[in-house]
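The primary structure of each chain is shown beneath.
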Amino acid sequence: QETVVIVEGYVDAITAQQAGFQQVVAQMGTALTETQLKLIAPRWAKKIILALDSDAAGQNATMRSLEVARQTLEADWAGRLSVDVRILQIPGAKDPDDLIRESPERWGELIANATPVSDYVIEVETAHLPPNPTLLEREAVARRLLPILRASQNDLYLQDNLQKLAQRLRINERTLLEWSHEQRQEEARKPRPPVLTPVIRNDDVPPEAPPINYDSLTPPDDVAYEPDFSDLVLTPPTAKKASPKIAQREIPLEVHCVRLLLRQPDWFYLINRKFRELARNAPRDTALLEQTGLGELDVEDFQHHDFRALIQMFKQALSQDELEIEVFLRENLESPLFDLATRLVIEESQYAQQRLQGRMEGDRVNQWKNFERRIAVLDGSTEFIDKMLRLRQQRLQRDCQELEFLQREILASGDDVSVYLQHFALITRALNLIQRELQRLSKHFI
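Residues numbered from 1 in each chain as written. Predicted model: local features only at pLDDT ≥ 70, side-chain atom pairs only at ≥ 80, totals over all residues. Heavy atoms only, no water.

### Structural notes on the overall build of the chain
A tally of helices and strands in the chain yields 19 helices and seven strands. Taking all 446 residues of the chain together, 42% fall into the buried category. A separation of at least 24 residues holds for 70% of the contacts in the chain among residues at least 6 apart in sequence. With the model as given, the accessible surface of the chain reaches about 26,100 Å², and the carbon-plus-sulfur share is 51%. (Helix = DSSP H or I, 4+ residues; strand = E, 2+ residues; numbered from the N terminus. Buried < 20%, exposed > 50% of the residue type's maximum accessible area, 1.4 Å probe, protein only. Contact = heavy atoms within 4.5 Å. Areas by Shrake-Rupley, 256 points an atom, 1.4 Å probe, with all protein chains shown as cover.)

Set out below in structure tokens:
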């Protein structure tokens, strides 16, 4: 059959052999190794089915085994190790030994219908996402999965894998391809370790290595990731194992908008008034636009969870009259978030002085005076509105993308998509109104 089924331990393999399943072997460890993979493929098998335990430890071992398989297959430039890797998922979190004893025929069915790697890893990695994940959380998952999904050298399979991932995460395929290309370029730049060939004399037989105690082996701890957003101390997204290469295209704009809001709290009402004015430019849809694309500024306009938490608390501070906003934030924000807010409102000149640590003080003062003269002609509130409109524009573009994926799912199920089409039309209308206003505001910055 040119198929091998890999189980975790010797008891699983023995039980399978006794039941007549002759293609079952045990890896005898927590994860598949490159040496084991090369023992199997391509001489004995063109298809490898991983049938590890279904509990959390088994899932982790499966993911590590897939990573080993990916690295081994990608390093095989001649393509001799080209194999079809699949996953056998045992219902009820049972061991292969238990299932085979209870129902050998069921085991045979599971082997015949083993899950493709792409379906398995997408299901496992997206299961931990919150109900409404942010773009950063979805991107972290995508960047973890892309190396595994692109391991196939067959372009047809790669395209199908990307379509599945795009549909699940609601990120278009072109963006996924760009991220995949970035990852390939980064991997290509990494230096390859030299291959060292030991020189052994005929009369110098090396001592036999002691046997490995596989039970004592544990996977390395995940490295904590602290993204760098212009020297701000931000905590990473809550998505499991956040990728160290999370794209930060939108973060600088979010930093700027939060900074301006904290410095000028009354501008919160200014941008909301601007949203209402834009909605009134479409008299027939004004009420609907104020409920969708041109509603009040809220946490959904921000992607990073630190800024979402700050904006939520900031709105609560505005809604009360007992305390000054700064006092309210100090008393209600956790220490890291309040430190972030303090860092955001510091004057740029003070920040520049801190970064220079007292060096070149005369040059700094002169340069800063020149900078202040150049920006004196600009209206700060106009700049604020411009930035906030761009922030809302990015949010609506994300909403459009997600609605496209929702419509595909609903069309595939045969349900009515009219409600989603109406919502899509309103968001598109709001985007057009924002774009026209941005073009008008751009004249102020020429």
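More follows now that the structure is in view.
### As for a nonpolar patch on the surface
Judged by side-chain polarity, Tyr10, Val11, Ile14 and Met28 come together as a nonpolar surface patch covering roughly 380 Å² of accessible area. The partly exposed category is assigned to Val11, whose relative accessible area is 38%. (Patch = residues over 30% accessible without salt bridge, like charges linked within 9 Å, V, L, I, M, F, W, Y side chains within 5 Å. Salt bridge = Lys/Arg side-chain N within 4 Å of Asp/Glu carboxyl O.)

### As for the nonpolar core
One finds Leu294, Phe307, Leu310, Phe384 and Leu389 to be the most contacted residues of the largest nonpolar core, which totals 53 residues. Mapped by element, the contributors of at least two residues to this core are α10 (251–263), α11 (267–280), α13 (305–318), α14 (325–332), α15 (335–345), α18 (380–413) and α19 (418–442). With nine residues, the top contributor of residues to this core is α18. Listed in part, the 37 residues of the second largest apolar core include Leu50, Leu135, Leu145 and Leu146. (Core = buried A, V, L, I, M, F, W, Y, C linked by side-chain atoms within 4.5 Å.)

### Notes on the packing of α11 against α18
When two helices pack together, their arrangement is given by the angle between the helix axes and the distance between those axes. Packing of α11 against α18 leaves a shortest axis separation of 10 Å and a crossing angle of 60°. When the interaxial angle is binned, α11 and α18 end up oblique. α11 and α18 meet at a crossing whose hand is right-handed. Judged by residue contacts, Trp267, Leu270, Ile271, Lys274, Phe275 and Leu278 of α11 engage Gly380, Ser381, Phe384, Ile385, Met388, Leu389 and Arg392 from α18. Among the residues forming the contact of α11 with α18, the class breakdown is nine nonpolar, two polar and two charged. (Axes fitted to C-alpha atoms, helices over the stretch in contact; angles between N-to-C directions. Parallel < 35°, antiparallel > 145°, perpendicular 65-115°, else oblique. Left-handed = near helix turned anticlockwise from the far one by under 90°. Nonpolar A, V, L, I, M, F, W, Y, C, P; charged D, E, K, R; others polar.)

### Some thoughts on the pairing of strand β4 (residues 84–87)
Alternating positions in β4 separate cleanly, Val85 and Ile87 being buried on one face and Asp84 and Arg86 remaining unburied on the opposite face. As paired strands, strand β3 (residues 47–50) and β4 are joined by four bridges and run parallel to one another. Bridging from a neighbouring strand, Lys47 pairs with Asp84 of β4. (Pairing = 2+ DSSP bridges.)

### Brief notes about the pairing of β3
Of the strand pairs in this sheet, strand β1 (residues 3–7) and β3 are connected by four bridges, and their pairing is parallel. Bridged to Thr3 within β3 is Lys47.

### A closer look at the pattern of salt bridges
Within this structure, the stated rule accounts for 24 salt bridges. Put simply, Lys164 and Asp119 hold a salt bridge, and the shortest N to O gap is 2.8 Å. Linking Lys164 in helix α8 (residues 155–169) with Asp119 in helix α6 (residues 117–126), this pair joins segments that are 45 residues apart in sequence. Overall, the relative accessible area of 27% leaves Lys164 in the partly exposed class. Assessed through its relative accessible area of 31%, Asp119 is described here as partly exposed.

### Quick word on helix α1 (residues 10–18)
Considered for burial, the residues of α1 that qualify are Asp12, Ala13, Thr15 and Ala16. The buried side chains of α1 occupy one side of the element, clustering within an arc of 165° when seen end-on. In this structure, α1 carries Tyr10 and Gln18 as exposed residues pointing more than 90 degrees from its buried face. Of the surrounding secondary structure, the elements contacted by the buried residues of α1 are β1, β2 (24–26) and α4 (96–102). (Arc of directions from axis to C-beta.)

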